[in-house]
Amino acid sequence: MSNFSNQIRASSSLIKRLRQRMTNPAALMQATRHFTTLEGHRPTIVHKRSLDILHDPWFNKGTAFSMTERDRLDLRGLLPPNVMTSEQQIQRFKADLKRLEVQARDGPSDPYALAKWRILNRLHDRNETMYYQVLIAHIEEYAPIVYTPTVGLVCQNYSGLFRRPRGMYFSAEDRGEMMSMVYNWPAEQVDMIVVTDGSRILGLGDLGVQGIGIAIGKLDLYVAAAGINPQRVLPVMIDVGTNNEKLLKDPLYLGLQEHRLDGDEYIAVIDEFMEAVFTRWPHVIVQFEDFQSKWAFKLLQRYRNTYRMFNDDVQGTAGVAIAGLLGAVRAQGRPMIDFPKQKIVVAGAGSAGIGVLNAARKTMARMLGNNESAFESAGRQFWVVDAKLSLLARYCKTAVIDLDNLVEALRIFFSYALSIIGMIIELVALYTQGLITEERENIDPEALPFARKVKEASRQGLREGASLAEVVREVKPDVLLGLSAVGGLFSKEVLEALKGSTSTRPAIFAMSNPTKNAECTPEEAFSIVGDNILFASGSPFQDVDLGNGHIGHCNQGNNMYLFPGIGLGTLLSGSRIISDGMLQAAAECLAEYMAEEEVLNGIIYPSTSRIRDITKEVAAAVVKEAIKEDLAEGYREMDARELQKLSQEEIVEYVKNNMWSPDYPTLVYRRD
């Protein structure tokens, strides 16, 4: 029936345009530029009433139901008589939050952030519209609660926090059944799926089925930042087991208590899932989230030219980092075209690190002419250090021990919750990991393009496996970029070495999440390296008071600046795939978003309070690039030909008008 209705609307629209063409060509031009949204500006038909409607979070308005709606929906007498506005509801919620966040704690060890998450989650369970009203109105305060860093704590405790089902779970035991399972989801249309296998949640490792929390949090931001309709998003967990021994032995763990599938068996499960969701929802966009490096690149390459999908850890992180790196060039008072001259030391060669390296090299190469010589030249700007060496060296130096003193080393490492076997492996790795050169044995194929030639490293006074501090001291980089998930990796020795940078304004990017995994704090960076630096991190930090009225700005280079706009732009363009060009356009749009005065003042990322406007601009840039690359196939009544006629301003307006806002719709009851 819905398909038939869509056809009728499309036919009516076509007839109207034909009549206008025959009678008034000028009116036709105006009509093609009138962008009305279908999101929430007409009555919503519901097939339930009375207590059923109050128990449905998609349609429940609580005390905001008008008296006429109460009569239509048999609600009179089921609610207090005073009808409240949505603003009054939010005020009441905020007042209660101050009182309830203390009472919601499960004892002194339960952080206030987790207590806030519990309260917000309860609101989400009973009234989705109000939940998103609160989230959008107070995005700076609540984004760190529903997303990083608190979401990491939520995922670690999700089995105990689980109350109401949210999203779908596909497991290794569902093989052969996924095609039918997708029809258990009630929404006839799904625009956005965030899927994880829980294998590498933030920097917290394998959390198994509990990783569903990260998919839920990401989609909350898709709704709040990009205006994706919450009734058309779907968080997904693919449970293929876990290698987390603690979870395997935990009787309260909600997932499969067996070791992870691997090899062809693992691929077969992901293949079946992708085929199933794209069969039911051919135009859905799937964002892969927190897959371990082993699979992140392989799955991206396997699906990206067939399905509308992307990997936020690889591509989103890369885009945000590129925007920050371009902003750093601007903050030095130089044009962005000077980016290929930047010397960059990268700590961390996992999926995020390699993703950033690939994107940065492509950006540099494009600025240098986009040929083979340009790629080769761009590659020489990066010095990649595997973070494990620096981590171990730091602990060893802190303890002032000899490596031969293995007993003492094991005692120290044990305090960091490493297993005995893991400690020994790490100690052996001390001799083989650090600066990555072509001399490295069993080098990761993804890291190979960035391995320094031995002679090249030698001329710089470095060798295979050189420590991070040594590399920084000898290279004197413009940028120190951390994507290691190793908290405190940028030690005092490393930061002292950065003081020798040849840059007029060296930049420190401590991008790992959650907060405890940040490579250094802004206080450490400013106090050791000096006031005249740029600082960015993945998690939120407070600005630093440098004295004499000067502020050290702490830029949060969070993925939320890009992934909502990438998803929304792909949706509204109807692009068949998400191309490198679309991702590059998103990153450059973010880099250019800040005013020149702000950038020169050390502010390279905008405030999250502007996230709706940022997402609108990023999405417009993605739509424009999709049109340019002839990938756009249109969205709803805006077909590809109509899209091609739009000016830049009209594309922005088109995006804005198709962003869902959390307004209570008028509800009309209709019997099934």
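Reading the values: the criteria
Residues numbered from 1 in each chain as written. Predicted model: local features only at pLDDT ≥ 70, side-chain atom pairs only at ≥ 80, totals over all residues. Heavy atoms only, no water. UniProt positions renumbered as here; feature names shortened; annotations may be inferred. Helix = DSSP H or I, 4+ residues; strand = E, 2+ residues; numbered from the N terminus. Buried < 20%, exposed > 50% of the residue type's maximum accessible area, 1.4 Å probe, protein only. Contact = heavy atoms within 4.5 Å. Areas by Shrake-Rupley, 256 points an atom, 1.4 Å probe, with all protein chains shown as cover. Core = buried A, V, L, I, M, F, W, Y, C linked by side-chain atoms within 4.5 Å. Pairing = 2+ DSSP bridges. Axes fitted to C-alpha atoms, helices over the stretch in contact; angles between N-to-C directions. Phe/Tyr/Trp six-rings, centres within 6.5 Å; stacked < 30°, edge-to-face > 60°. Polar contact = N/O pair within 3.5 Å; in protein donor to acceptor, adjacent residues only side chain to side chain. Parallel < 35°, antiparallel > 145°, perpendicular 65-115°, else oblique. Left-handed = near helix turned anticlockwise from the far one by under 90°. Nonpolar A, V, L, I, M, F, W, Y, C, P; charged D, E, K, R; others polar. Salt bridge = Lys/Arg side-chain N within 4 Å of Asp/Glu carboxyl O. Arc of directions from axis to C-beta.

By the naming in an unreviewed UniProt entry, the chain goes by Malic enzyme and is assigned to Populus tomentosa. Among the UniProt annotations of the chain, the heading Subcellular location (unreviewed entry) holds the following wording: "Mitochondrion". Note on the chain: under the UniProt heading Catalytic activity (unreviewed entry), the record states "(S)-malate + NAD(+) = pyruvate + CO2 + NADH".

Asker: Please explain the overall build of the chain as it appears in this structure.
Answerer: Across its full length, the chain carries 31 helices and 17 strands. With 672 residues in all, the chain has 57% of them scored as buried. In the chain, of all internal contacts separated by at least 6 residues, the share reaching a separation of at least 24 is 71%. Taken as a whole, the chain presents about 29,300 Å² of accessible surface, with 52% of it coming from carbon and sulfur.

Asker: Which parts of the structure should I look at to understand the nonpolar core?
Answerer: Soluble, globular proteins show a tendency: their nonpolar side chains are buried together. Residues I193, F273, M274, V286, F288, F509 and Y605 are the most contacted members of the largest nonpolar core, which totals 171 residues. Non-local contacts of F273, meaning those with residues more than four positions away in its chain, are made with F170, M178, I193, V195, V236 and I238. Membership of the second largest hydrophobic core comes to 32 residues, among which are A347, V475, A510 and F535.

Asker: Hey, could you run me through the sheet that holds strand 8 (residues 382-385) in this one?
Answerer: Sheet strands line up and pair through hydrogen bonds in the backbone, either parallel or antiparallel. In space, the 6 strands of this open sheet follow the order 8-7-9-10-11-14, with parallel pairing throughout. One side of each edge strand has no neighbouring strand; the edge strands of this open sheet are strand 8 and strand 14 (554-556). Neighbouring strand axes in the sheet, compared pairwise and without regard to direction, differ in orientation by 15° on average. Looking at chain direction, strand 7 (residues 344-347) and strand 8 are connected through 4 bridges and run parallel. Within the sheet, the bridge partner assigned to A347 lies in strand 8 and is V385. Here helix 17 (residues 351-368) sits on the sheet and contacts strand 7, strand 8 and strand 9 (479-482); the angle it forms with strand 8, its principal contact strand, is near 175°.

Asker: It is not clear to me how the packing of aromatic side chains should be interpreted in this structure. Could you clarify?
Answerer: Two numbers describe a pair of aromatic rings. These are the distance of the centres and the angle of the planes. Inspection of every chain in the model, using the stated rule, returns 15 aromatic pairs. Arranged with centres 5.8 Å apart and planes meeting at 10°, the rings of Y561 and Y605 form a pair that is stacked. One end of the pair, Y561, is in the loop between strand 14 and helix 26 (563-573); the other, Y605, is in the loop between helix 28 (596-600) and helix 29 (611-628), and 44 residues separate them in sequence. According to the relative accessible area criterion, Y561 is buried, its value standing at 2%. Since its relative accessible area comes to 3%, Y605 is described here as buried. Pairwise contacts between aromatic rings join F278, F288, F291, Y303 and Y307 into one cluster.

Asker: Sorry if this is basic, but what is going on with the side chain of N60 here?
Answerer: Relative to the helices and strands, N60 resides in the loop between helix 3 (51-54) and helix 4 (67-72). Since its relative accessible area comes to 7%, N60 is described here as buried. A polar contact of 3.4 Å, which involves the side chain of N60, links it to the backbone oxygen of L54.

Asker: Hey, could you run me through the sheet that holds strand 6 (residues 309-311) in this one?
Answerer: Across the sheet, which stays open at both edges, the 5 strands sit in the order 2-4-3-5-6 with parallel pairing between neighbours. With partners counted over all chains shown, the strands left at the sheet margins are strand 2 (168-171) and strand 6, one partner each. Each strand of the sheet is rotated relative to its neighbour by a mean of 20°, with strand direction disregarded. Where strand 2 and strand 4 (residues 233-239) come together, 4 bridges link them in parallel fashion.

Asker: Any chance you could explain the packing of helix 27 (residues 580-593) against helix 29 here in plain terms?
Answerer: When two helices pack together, their arrangement is given by the angle between their axes and by how far apart the axes lie. It is at 8 Å that the axes of helix 27 and helix 29 come closest, and there the two elements cross at 140°. The angle between helix 27 and helix 29 falls in the class oblique. For the pair helix 27 and helix 29, the crossing hand works out as right-handed. Contacts from G581, M582, A585, A586, C589, L590 and Y593 of helix 27 reach helix 29 at D613, I614, E617, V618, A621, V622, E625 and A626. Looking at the contact of helix 27 with helix 29 residue by residue, the class counts come to 11 nonpolar, 1 polar and 3 charged.

Asker: Hey, could you run me through the pattern of salt bridges in this one?
Answerer: Working definition: two side chains of opposite charge can pair if their charged atoms are close together. According to the stated counting rule, one finds 37 salt bridges in the structure shown. With its nearest N and O atoms 3.3 Å apart, the salt bridge here joins R200 to D313. Taken as a pair, R200 in the loop between strand 3 (192-196) and helix 12 (212-226) and D313 in helix 16 (residues 312-331) lie far apart in primary sequence, 113 residues in all. Using a relative accessible area of 22% as the deciding quantity, one classes R200 as partly exposed. One salt bridge connects E493 with R473, and the closest N-O pair in it is separated by 3.5 Å. Here R473 lies in helix 23 (residues 468-475) and E493 lies in helix 24 (residues 492-498), a separation of 20 residues in the sequence.

Asker: Whenever I open this one, helix 23 confuses me. Can you help?
Answerer: The α-helix advances 3.6 residues per turn, and as a result positions three or four apart in sequence lie on the same side. Those residues of helix 23 that fall on the buried side of the exposure criterion are L468, A469, V471, V472 and V475. All buried residues of helix 23 project into a common sector of 165° when viewed along the axis, lining one side. Of the residues flanking the end of helix 23, it is K476, one or two places downstream, whose phi is positive at about 55°.

Asker: Whenever I open this one, the packing of helix 15 (residues 293-303) against helix 17 confuses me. Can you help?
Answerer: At a closest axis distance of 9 Å, the pairing of helix 15 and helix 17 adopts a crossing angle of 40°. On the basis of their axis angle, the class for helix 15 and helix 17 is oblique. Residues S293, A296 and F297 of helix 15 form the contact with helix 17, whose own contacting residues are S351, I354, G355 and N358. In terms of residue class, the contact of helix 15 with helix 17 is made up of 3 nonpolar, 4 polar and no charged.

Asker: Mind showing me how you'd approach the environment of T148 here?
Answerer: With respect to the element layout, T148 can be found in the loop between helix 8 (139-146) and helix 9 (150-156). For T148, a relative accessible area of 2% puts it in the buried group. Remark: the alpha-carbon pair of T148 and I214, spanning 66 residues in sequence, is separated by 8.7 Å. Those residues in contact with T148 that lie beyond four places of it in its chain are A143, N513, P514, S539, P540 and N558. A polar contact is formed between the side chain of T148 and the side chain of N513, at a distance of 3.4 Å.

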